[in-house]
Amino acid sequence: MSVNILGIETSCDETAIGVVEDGRKLRANVIASQVDIHSRYGGVVPEVASRQHVLEMAPVLEKSLAAAGLGLEQIDAVAVTYGPGLAGALISGLNTAKGLALALDKPLLGINHLEGHIYAAWLTGQQPEDSPGFPLACLVASGGHTDLILMEGHGQYRLVGRTRDDAAGEAFDKAARVLGLGFPGGPHIQRVSQGATGQERLPRAWLKDTLDFSFSGVKTAMLHLAQERGIYPLKKGQTADAAIVRELAAAFQESVVEVMVRKLLDMAEHYKAKGLVLGGGVAANALLRQETARCSPLPVIIPPPILCTDNGAMIAACGYFQFQRGLQHGLDLDIDPSLPLG
Ligand code: KG4
Ligand code: ZN
């Protein structure tokens, strides 16, 4: 008998519900993005995100079940992100999950968002626990986190490196703002970097002898370079020279990606990992994907970009393995905006 888990994700600005069969088979992955709404403000406005989740939840649920070809009665458990993330946003998802679990009389599975990002690797057609096998060296890089996590088994994590200031995604978003690009910044920086000649270079913060990251220095260095090149701040009516924007964007992307790849490889070597996993929105970055695959002597699992950015399917996949271990939550489960992993 197959097990179908519904996964609900509302930790930030995507209202997302996925359905996954037996932890590996993607049956539905519906995502209502609020990007257009928040891009007007240049970042996610928490209050707006919460209200938008309330509006989107029911239609996204209906679409997700329709895409999966399942009725609610065929769902075996309801998984939901309960942290880390924005409090008001998390509450919408958790309350929906509680209502469904109660009405259907099915288990409620509270999921750590970062753990969910790692489990997107199980939706790639691979079975990472068998091939390459544990331990796995995981980089979860998103708008709020840049964590190196050693996954020693299902549900077993050690946080061995993290950012000391900005998260990688946050740095991409801030750099994009300086360059006059839209929100979220990562995809824009990637797009405008194409065709760069490599004539600009920004520093790398190696923070020797640690697996921690720091991205605030490169962000400030880019701001200074943008000022020097005369594209920040722009005068009224002035548009930034596209070639300068391209070179700065590429230099920024290269600096951030090089440090992440190097530290992930160092971690894998130090902890004798059998394989690498990328997850989180920044793992959608083409240069990061390409460089990790190119430089790694170990097998690398990188989910397709749509499963790297926030989605409900990864929450459902993670929920399945939690369910298999007999872990479930009561209806008194509360959100935890700063829930740690490892
Ligand atoms: O995981 P995610 O969707 O949401 C959070 O949990 O934060 O990650 C969002 C972050 C944003 O900062 C966005 O700029 C970044 O992921 N991102 C990218 C790319 N696509 C999304 N960063 C670099 N390159 C990309 N292609
Ligand atoms: Zn995320």
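In this text, all values refer to a predicted model and were calculated from it rather than measured experimentally. (Residues numbered from 1 in each chain as written. Chains lettered and ligands numbered in written order. Predicted model: local features only at pLDDT ≥ 70, side-chain atom pairs only at ≥ 80, totals over all residues. Heavy atoms only, no water.)

Points about the overall build of the protein chain
A tally of regular secondary structure across the protein chain gives 12 helices and 10 strands. When its C-alpha atoms are laid out on the principal axes, the protein chain stretches across 60 × 50 × 30 Å. A fraction of 72% describes how many contacts in the protein chain between residues 6 or more apart in sequence connect residues 24 or more apart. (Helix = DSSP H or I, 4+ residues; strand = E, 2+ residues; numbered from the N terminus. Contact = heavy atoms within 4.5 Å.)

Description of the state of the cysteines
One pass over the full model with this rule turns up 0 disulfides. Cys318 forms no disulfide, and the closest cysteine sulfur to it belongs to Cys138, at a distance of 12 Å. (Disulfide = S-S within 2.5 Å.)

A closer look at helix H2 (residues 46-68)
Residues that lie three or four places apart on an α-helix share one face, since the helix turns once every 3.6 residues. Maximal helix bending in H2 amounts to about 40 degrees, located at Glu56; proline Pro59 follows within four positions. Every buried residue belonging to H2 is among Ala49, Ser50, Gln52, His53, Met57, Val60, Leu61, Ser64, Leu65 and Ala68, and all of these are buried. Structurally, H2 contributes buried residues whose contacts are with strand E1 (4-9), strand E2 (14-21), strand E3 (25-33), helix H1 (35-39) and helix H3 (87-104). (Bend = angle between axes of the 7 residues up to and from the residue. Buried < 20%, exposed > 50% of the residue type's maximum accessible area, 1.4 Å probe, protein only.)

Some details on the layout of surface pockets
Taken as a whole, the largest pocket encloses approximately 1000 Å³ of empty space. Looking at the largest pocket, it is lined by 40 residues, and the ones nearest its centre are Ser142, Gly143, Asp173, Pro184 and Gly281. Elements represented by at least two residues in the lining of the largest pocket include exactly E3, helix H4 (113-119), helix H6 (168-178), helix H7 (185-193) and helix H11 (305-308). A per-element tally of the lining of the largest pocket places H6 first, with 6 residues. Residues that form the lining of the largest pocket fall into these classes: 15 nonpolar, 18 polar and 7 charged. Taken domain by domain, the makeup of the lining of the largest pocket includes at least three residues from each of domain 1 (4-119 + 306-324) and domain 2 (132-302). (1 Å grid on protein atoms, 1.4 Å probe; cavity = no way out; pocket = protein on both sides within 12 Å on 5 of 7 lines; lining within 4 Å. Points joined across faces, edges and corners; volume = space filled by probe spheres on them. Nonpolar A, V, L, I, M, F, W, Y, C, P; charged D, E, K, R; others polar. Domains from an automatic or database assignment.)

With respect to the packing of aromatic side chains
Scanning the entire structure with this criterion turns up 7 aromatic pairs. An angle of 35 degrees between the planes, with centres 6.4 Å apart, marks the rings of Trp122 and Phe134 as tilted. In this pair, Trp122 is assigned in the loop between H4 and helix H5 (129-133) and Phe134 in the loop between H5 and strand E6 (136-141), connecting sequence segments 12 residues apart. Comparing Trp122 with Phe134, the two get one shared label, buried. With a centroid separation of 5.1 Å and 90 degrees between ring planes, the pair formed by Tyr320 and Phe321 is classed as edge-to-face. In this pair, the class of Tyr320 matches that of Phe321, namely buried. (Phe/Tyr/Trp six-rings, centres within 6.5 Å; stacked < 30°, edge-to-face > 60°.)

Details of the site of ligand 1
Taken together, 20 residues form the shell around ligand 1, and within it Gly143, Asp173, Gln190, Gly281 and Asn285 come nearest. Here Asp173 contributes a side-chain N or O atom positioned 2.7 Å from an oxygen atom of ligand 1. At a separation of 3.0 Å, a nitrogen atom of ligand 1 approaches a polar side-chain atom of Asn285. Coverage of ligand 1 by the protein chains reaches 89% of its 550 Å² of free accessible surface. The cavity where ligand 1 resides is the largest pocket. Mapped by element, the contributors of at least two residues to the shell around ligand 1 are H4, H6 and H7. (Near = heavy atom within 4 Å. Polar contact = N/O pair within 3.5 Å; in protein donor to acceptor, adjacent residues only side chain to side chain. Areas by Shrake-Rupley, 256 points an atom, 1.4 Å probe, with all protein chains shown as cover. Sits in = over half its atoms within 2 Å of the grid points.)

Details of unusual backbone geometry
Look at the link from Phe134 to Pro135: it is a cis peptide, with omega at 0 degrees. With respect to the element layout, Pro135 can be found in the loop between H5 and E6. Each neighbour pair has its own omega, and for Phe183 with Pro184 the value is -10 degrees, a cis peptide bond. Within the secondary structure, Pro184 is located in the loop between H6 and H7. In this structure, Asp22 takes a positive phi of about 50 degrees despite not being glycine.

Details of the environment of Gln194
Relative to the helices and strands, Gln194 is located in the loop between H7 and helix H8 (216-228). Given a relative accessible area of 59%, Gln194 falls into the exposed group. In sequence terms Gln194 and Arg246 are 52 residues apart; their C-alpha atoms lie 7.2 Å from each other.

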